[in-house]
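# Structural characterization, general
Below, each chain spelled out in residue letters.
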Amino acid sequence: MLEIPCPWCGLRNENEFICGGEAQRKRPADPDRETDEAWADYLYNNANPKGVVTEWWWHVSGCTLWFKIDRNTLTHEITPIEELPE
Amino acid sequence: MTRLANGGVVNRQRRLNFRFNGQEYQGLEGDTLASALVANDVKVVGRSFKYHRPRGLLTCGPEEPNALVQLLSDGDQPNLRATEIRLTEGLEAKSVNCWPSARFDLGAVNDWLSPIIPAGFYYKTFMARPWDFYSRFIRKAAGLGRLPTERDRGRYERVFHHTDLLVVGAGPAGLRAAQVAAISGADVMLVDMQMSPGGHLLFHSREIEGKAGAEWIAEVTAELKGRRNVTCLQNTTATGYYDHNMVLAVEHEPEAAWLRERLWHIRAKKVVIATGAVERPLVFPGNDRPGVMLTDAVARYVSRFAAVPGQRAVVYTNNSTAYEHLELMLSVGISVEQVVDLRATLGEAERELVQRNSIEVVTNGRIIGVEGRSAVRDVRVAGESGIRSVSCDLVCHSGGWNPLIHLYSHAGGKSVFDQESATFIPGEPVQAVHCVGAANGTFSVAGGLGEAAGIAGSLVEELTGKQLGSYSSRPEVAEIPYGINVIWPEKTLKGKAFVDFQNDVTTADIALAVRENFQSIEHVKRYTTAGMAVDQGKVGNPNVIGLVTKELGEQQGSVGTTTFRPPFMPVSFGVIGGSEQGQLIIPARTTPITRWNIAQGAAMDEAGANFRRPFYFPRAGESMDDAVAREARAARNACGIYDGTPLGTFELQGPDTAELLNRLYTNRFDNLLIGRGRFGLMLREDGRFLDDGVTFRVGPHHYLMSCGTGAAGVVYAHIDRLLQTEWTDLKVYLVNVSAGLATMCVCGPYARDVLGGVETDIDFDESFRFMDFREGRFAGVSVRIARVSYTGELSFEINVARRHALMIWTTLMNAGQNYGITPIGSETSGVLRIEKGFVSPGHEGDNITNPFDAGMAWIVDMEKPDFIGKRSLRRDLDLGGERQHVVGLLPDKHRALVADGSALLPDPGGSGRSGFQGHVTAACFSPTLERTIALALLKDGHHRHGEKVLISGLEQSCLATVTAPVFFDPQGQRMRG
Ligand SMILES: [Zn+2]
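Residues numbered from 1 in each chain as written. Chains lettered and ligands numbered in written order. Predicted model: local features only at pLDDT ≥ 70, side-chain atom pairs only at ≥ 80, totals over all residues. Heavy atoms only, no water.

Here we come to the overall build of chain A. In terms of regular secondary structure, chain A is built from 1 helix and 6 strands. Listing the helices and strands of chain A from first to last along the sequence gives β-β-β-α-β-β-β. Viewed in the frame of its principal axes, chain A has a C-alpha envelope of about 40 × 30 × 20 Å. Going through the 86 residues of chain A one by one, you find that 37% of them count as buried. At a minimum sequence separation of 6, the contacts of chain A that also span at least 24 residues come to 46%. Taken as two groups, the 8 positive and 16 negative side-chain charges of chain A have centres that lie 1 Å from each other. (Helix = DSSP H or I, 4+ residues; strand = E, 2+ residues; numbered from the N terminus. Buried < 20%, exposed > 50% of the residue type's maximum accessible area, 1.4 Å probe, protein only. Contact = heavy atoms within 4.5 Å. Lys, Arg positive; Asp, Glu negative; His and termini not counted. Charge placed at Lys NZ, Arg CZ, Asp CG, Glu CD.)

Written out as structure tokens, the structure is:
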């Protein structure tokens, strides 16, 4: 079980969290202007890298904060990248 | 008698009666089942899996492959190892794999048939017919143990623990690591799977630093117990090493008498693995005969349990460790008839020892056969001077050592083959794991102690910054230097030589697999099933790998090893569940009305979000259909009352709330008037249904959203995520208030009269319009009442703080008495929905249906700049093509039984269409229309009203007319009026 560093709560067990997937996926500002291909890419495709990926995590059974971490998909090494929002 | 008069840790004053395979025996307190059997001279303890050959004890520890038993006296537990069962008064066990008995087993015919059941037999043979055909015959003969039929009476718990350093294994290396680390003040946890600490020192008398082994253990243990920063657990097996240094350990029979097992989740900053090694068997014909035992096991039975497994022993070895035990054997009266050593020469210490004790050694020797089916009679020894038979009742063998690197391997580490010790040892560690002692391939005690101290010292230095130095020296230990030379048996030998005892894999099977071109060790393993039994090849795997390598003609170590996966030892389901058993696995959520409902005799049913709610309220003599019909008629003709507490309710406040709702819903909410509600549809970004519900505007920047029971969690997550990750500029607070509120729905033509009969400052007259909501006092408490309808009737929903809910409910029941107020269950509510054709996400709104398919274009505002799902809906529209639409179906037979999910086929008498046309999404008998009705998804359904389709049923099919998906009050006059 991974230990996820929540910026608010500190290191907590993975089962308190929900992984929100890759953080490079950003909702287009104006979806109407997106081509079908670009929209499908946003909806369905992941980069799924072998190595470091920036991910959203949600501390759903804790403080309910959404935050990003860098996780190495090979080693599970995790680097916090967010300070607590003011 | 094979019990010694002195020695061991058994209590000779306390005799324990037990039964094994139906026979009465006596053992002593301190025995395991295995040692008690040895003391009673029981040679056959089980049958092998495939050939049903009689088997005796091979080992003395948890790696035991042969003595698998069903424990009958403690909850009927299958496949336990006799070596691990602590003997108790009245214990009863029997061997698995035997029918009718261990000594006479009918399945043993497989042994004589073995030439026709080689490796891969099952794969090769059972291709001709479906597996089901064969399994009937095979399952009777195979199968390990028997599943218990009774509920497990044992109690379990799980605990979490954090520590700086976890040491696994309390042998000399583990004890030393814990001792050194503890000095620094760091938190240290030491777990060990045996009943008492000491590891192999418990069995082998060695002097450490001039002290007897037992004395050394006692000293170190006392020192550890005296420190507050040290936690020691015995009888505790570390079963798996998981990500981020999480180790799971099962504590058996903890001190709390009511507890059977405790599961520890241990998160450690650093982990030292000092799990030791298990002895490896030698491979020779007949090496599975009862009475053929590992030398280490013999020493353990003798020194720990004072149980002697034989009187005349032949010792067979390829390494030096067997010599360590010779004097122990002689001292308890075992006559060592001969030592057969595969090596050409002995080490100096070994030679000196055998000379001192006048023991005959055959160097360059082989055992080429073992006689005696249920107990060893003699062995045939081939040496430089020819072949000779040696009479004996015990064969002790040692093929070297297998470091227990399982945990290291779970952590992600790869093993490497060490040529000198001819075994797999840990390579580069992954995660913060460090192996020491025999687990690291360091087979000398002195070396292991030095290594443990050095590693523990540097780890705590890293953790605490404190310098420790004094312990890292290599202490004095009297021992024979380890030396091994692996020599494999000639292929020409007759008789089965086993490499995996539990799964009956022989040298011939391995050779066959390689001949059939299996080259990867992982493939050979699966083809032959070597290492795949309950013991997971703890003793046998290295022999399998070694033989495959040899057959392939490769250099030893070059084919790699199979991967160890958790658990290290089988883990009971009970301890995984912990205290979460029965109803506590997923505790049902209740509402303030639940007890009242149950007292009324409601049939309860699973609802979404772990709620259990009334399904229907049967009266005496009523069937379910009767009850549902009565409840539905009450709602349509008089008054129904429904507990809607499980619905989700969210408060949204902030200046951008209207904007947020506009983006979440397909329709607009910025133009909603204060005091009014509006039905909203929420989609996912792919344009498919997420949820629907009514949202009210309480103030300019204050809205109240309601959503379905099952969807409440998902909707909350959806909105919260958008607010925190995508629309961080929107100023909105979202609070889930569902748990604090109770919701009750009063519906039907008399709803207004019922509510008007309660003391209140709210007017329920005509001015209280559909989709209005009002706040005020009702029966003396504050409420919010909304006029919304999920039934199609005039209907009011009352929101009240939970603590008042039951009072309001009973007040309403009293007030409604003269109006025929009737509690209705979820089944009735479903019937009322289908009659009205209200589309339900999850039924009609599946992962394909969009709102246009559902006939809900009226609620989708494609002119809005953006909303979640809009872009995907536009693609649906651009793409066009034939889609499935929501329709109603009226079966020709008025009382047709139609199952949800029934396929729709073309009317055989017309239409010209062919193939699958859609499916029924919801069907019921409508008490209002007195006929069966259904909602369905049908190809191009909007354009097929009036056509006939065939509803295909399992037992009978029936024709039905396609209609608009609304069967009752199509204009909605009843709920709006
Ligand atoms: Zn948190």
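Additional details are given in the paragraphs that follow.
Let us look at the nonpolar core. Residues and elements named next belong to chain B. Membership of the largest hydrophobic core comes to 56 residues, with the highest contact counts inside it found for F18, F20, L33, Y301 and L326. For this core, the element with the highest residue contribution is helix α1 (residues 33-39), accounting for 6 residues. Residues within four places of L33 in sequence aside, it is in contact with F18, F20, V69, A82, I85, L87, L91 and A93. Core analysis: the next-biggest nonpolar cluster, separate from the first, contains 34 residues, I208, V272, A456 and V460 among them. (Core = buried A, V, L, I, M, F, W, Y, C linked by side-chain atoms within 4.5 Å.)

Turning to the sheet that holds strand β24 (residues 394-398) of chain B, a few remarks are in order. All names here are of chain B. The strand order β17-β24-β18-β19-β20 describes an open sheet built from 5 strands, whose pairing is parallel. The outermost strands of the open sheet, each flanked by one partner alone, are β17 (292-294) and β20 (361-362). Taken together, the 2 bridges between strand β19 (residues 335-341) and β20 define a ladder with parallel strand orientation. Bridging across to β20, V340 finds its partner in V362. Each of β17, β18 (312-317) and β24 is contacted by helix α7 (residues 295-305), which is oriented at about 85 degrees to β17, the strand it contacts most. (Pairing = 2+ DSSP bridges. Axes fitted to C-alpha atoms, helices over the stretch in contact; angles between N-to-C directions.)

Residue and element names in this part refer to chain B. Counted at 1.5 Å a residue, the expected span for helix α12 (residues 445-464) with its 20 residues is 28 Å, and the 28 Å between its end C-alpha atoms agrees. For α12, the complete set of buried residues consists of V445, A446, G447, G448, L449, G450, A452, A453, A456, G457, L459 and V460. Among the structural elements, β8 (156-168), α5 (172-183), β10 (207-208), α6 (213-225), β15 (261-273) and β28 (433-435) are those in contact with the buried residues of α12. Taken from the residues just after α12, G465 is the one with a positive phi, measuring 80 degrees. (Expected span 1.5 Å × (residues − 1).)

What follows is about the packing of helix α18 (residues 624-637) of chain B against helix α23 (residues 826-836) of chain B. Residues and elements named next belong to chain B. The interhelical angle for the contact between α18 and α23, taken along N-to-C directions, is 60 degrees, at an axis separation of 9 Å. Taken together, the axis directions place α18 and α23 in an arrangement best described as oblique. The two elements α18 and α23 cross, and the hand of that crossing is right-handed. Residue-level contacts link M624, V628, E631, A632, A635 and R636 of α18 to E827, T828, V831, L832, E835 and K836 of α23. In the contact of α18 with α23, the residues fall into 6 nonpolar, 1 polar and 5 charged. (Parallel < 35°, antiparallel > 145°, perpendicular 65-115°, else oblique. Left-handed = near helix turned anticlockwise from the far one by under 90°. Nonpolar A, V, L, I, M, F, W, Y, C, P; charged D, E, K, R; others polar.)

It is worth spelling out the coordination of the zinc ion at this point. All names here are of chain A. Only C6 (SG), C9 (SG), H59 (ND1) and C63 (SG) from the protein coordinate the zinc ion, and they sit 2.0 to 2.3 Å from it. With 4 donor atoms in place around the zinc ion and angles of 103 to 119 degrees between them, the coordination shape is tetrahedral. Mapped onto the sequence, the residues coordinating the zinc ion show the spacing C-x2-C-x49-H-x3-C. You can see C6 sitting in strand β1 (residues 3-6) and its partner C63 sitting in the loop between β4 (52-58) and β5 (66-72), a full 57 residues away along the chain. (Donors = N, O, S within 2.8 Å, 3.2 Å for Na, K, Ca; no water. Tetrahedral: all angles 85-135°; square planar, octahedral: opposite > 155°, others 65-115°.)

Across the boundary between the two partners, chain A contributes 25 residues, which contact 26 residues of chain B. Interface area for chain A against chain B, summed over the two sides, is near 2,400 Å², with a carbon-plus-sulfur share of 44%. Applying the counting rule to chain A against chain B returns 8 salt bridges. With a shortest N-O distance of 2.7 Å, B:D866 and A:R27 are connected by a salt bridge. Our enumeration of links across chain A and chain B arrives at 21 residue pairs in polar contact (both at pLDDT 80 or more). Counting only elements with at least two residues in the side of chain A that touches chain B, the list comes to α1 (36-44) and β4 of chain A. In terms of residues, the side of chain A that touches chain B owes the most to one element, α1(A), which gives 5 residues. (Buried area = accessible area lost by both parts, 1.4 Å probe. Salt bridge = Lys/Arg side-chain N within 4 Å of Asp/Glu carboxyl O. Polar contact = N/O pair within 3.5 Å; in protein donor to acceptor, adjacent residues only side chain to side chain.)

By the definition in use, this model includes 23 aromatic pairs over all chains. Plain terms: the ring middles of A:W39 and A:Y42 are 5.1 Å apart, the flat faces sit at 45 degrees to each other, and that makes the pair tilted. With a gap of 3 residues between them, A:W39 and A:Y42 both fall in helix α1, about one helical turn apart. A:W39 gets classed as buried once you look at its relative accessible area, which sits at 3%. Seen from their ring centres, B:F443 and B:Y482 are 4.9 Å apart, and the 55 degrees between their planes marks the pair as tilted. With a gap of 39 residues between them, B:F443 in the loop between β28 and α12 and B:Y482 in the loop between α12 and β29 (498-500) connect regions that are remote in the sequence. Over the face of the ring belonging to B:Y51 we find B:K496, whose NZ or CZ atom lies 4.7 Å from the ring centre. (Phe/Tyr/Trp six-rings, centres within 6.5 Å; stacked < 30°, edge-to-face > 60°. Lys NZ or Arg CZ within 6 Å of the ring centre and 35° of its normal.)

All of the buried residues along helix α24 (residues 870-879) of chain B are B:K870, B:R871, B:S872, B:L873 and B:D876. Of the surrounding secondary structure, the elements contacted by the buried residues of α24(B) are α1 of chain A together with β35 (677-683) of chain B. Of the residues trailing α24(B), B:G880 is marked for its positive phi of about 60 degrees.

Turning next to the confidence of the model for chain A. Summarising the model, chain A shows a mean pLDDT of 93, and 97% of its residues fall at 70 or more. The element-level mean pLDDT for chain A is lowest in strand β6 (residues 78-80) of chain A, coming to 92, with β4(A) highest at 96. (pLDDT = per-residue confidence, 0-100.)

Let us look at the sheet that holds strand β34 (residues 648-653) of chain B. Residues and elements named next belong to chain B. If you walk across this open sheet you meet the 5 strands as β35-β36-β37-β34-β38, and the pairing is antiparallel. Edge strands, defined here as strands with exactly one partner in the open sheet, are β35 and β38 (733-736). The average angle at which neighbouring strand axes cross in this sheet is 25 degrees, direction not considered. Across 6 bridges, the pairing between β34 and strand β37 (residues 702-707) is antiparallel. Paired with F650 across the two strands is M705, which belongs to β37. Relative to the sheet, helix α20 (residues 712-726) contacts β34, β35, β36 (689-699), β37 and β38, its axis offset from that of β38 by approximately 160 degrees.

This paragraph deals with the packing of α5(B) against α12(B). Residue and element names in this part refer to chain B. Running from N to C, α5 and α12 point in directions that differ by 30 degrees, and their axes come no closer than 8 Å. Relative to α12, the element α5 lies roughly parallel. In this structure, the crossing between α5 and α12 has a hand that is right-handed. Residues P172, A173, R176, A177, V180 and A181 of α5 pack against V445, G448, L449, A452, A453, A456, G457 and V460 of α12. Split by residue class, the contact of α5 with α12 holds 11 nonpolar, 2 polar and 1 charged.

On to the confidence of the model for chain B. Per-residue pLDDT for chain B averages 91, and the proportion of residues at 70 or more is 94%. Highest mean pLDDT in chain B belongs to strand β9 (residues 188-191) of chain B (98); lowest belongs to helix α4 (residues 131-141) of chain B (56).

We now examine the side chain of B:T239. For B:T239, the position within the fold is in strand β13 (residues 236-242). For B:T239, the residues in contact, after removing those within four places along its chain, are B:L248, B:A249, B:V250, B:L407, B:H410, B:P566, B:P567, B:F568, B:M569 and B:V571.

Further remarks concern the side chain of B:D76. Residues and elements named next belong to chain B. Tracing the backbone shows D76 in the loop between β5 (68-71) and β6 (77-81). You can call D76 buried: its relative accessible area is 16%. Within the structure, D76 has its side chain in polar contact with the side chain of Q70 (distance 3.1 Å). Setting aside residues up to four positions removed in sequence, D76 forms contacts with Q70, L71, R146, P148 and T149.

What follows covers the pairing of strand β31 (residues 603-606) of chain B. Along any regular strand the residues' side chains alternate between the sheet's two faces. Residue and element names in this part refer to chain B. Here 4 bridges tie β31 to strand β32 (residues 612-616), and the two strands are oriented antiparallel to one another. If you follow M604 over to β32, its bridge partner there is P614. Once β31 ends, the chain turns through 5 residues before running back antiparallel as β32, passing A609 with a positive phi of about 50 degrees.

Residue and element names in this part refer to chain B. A cis geometry characterises the amide bond from P566 onward to P567, with omega recorded as 0 degrees. Within the fold, P567 resides in the loop between α15 (541-552) and α16 (573-577). Phi at N517 is positive, roughly 80 degrees, even though this residue is not glycine. With respect to the helices and strands, the residue N517 is situated in the loop between α13 (507-515) and α14 (521-528).

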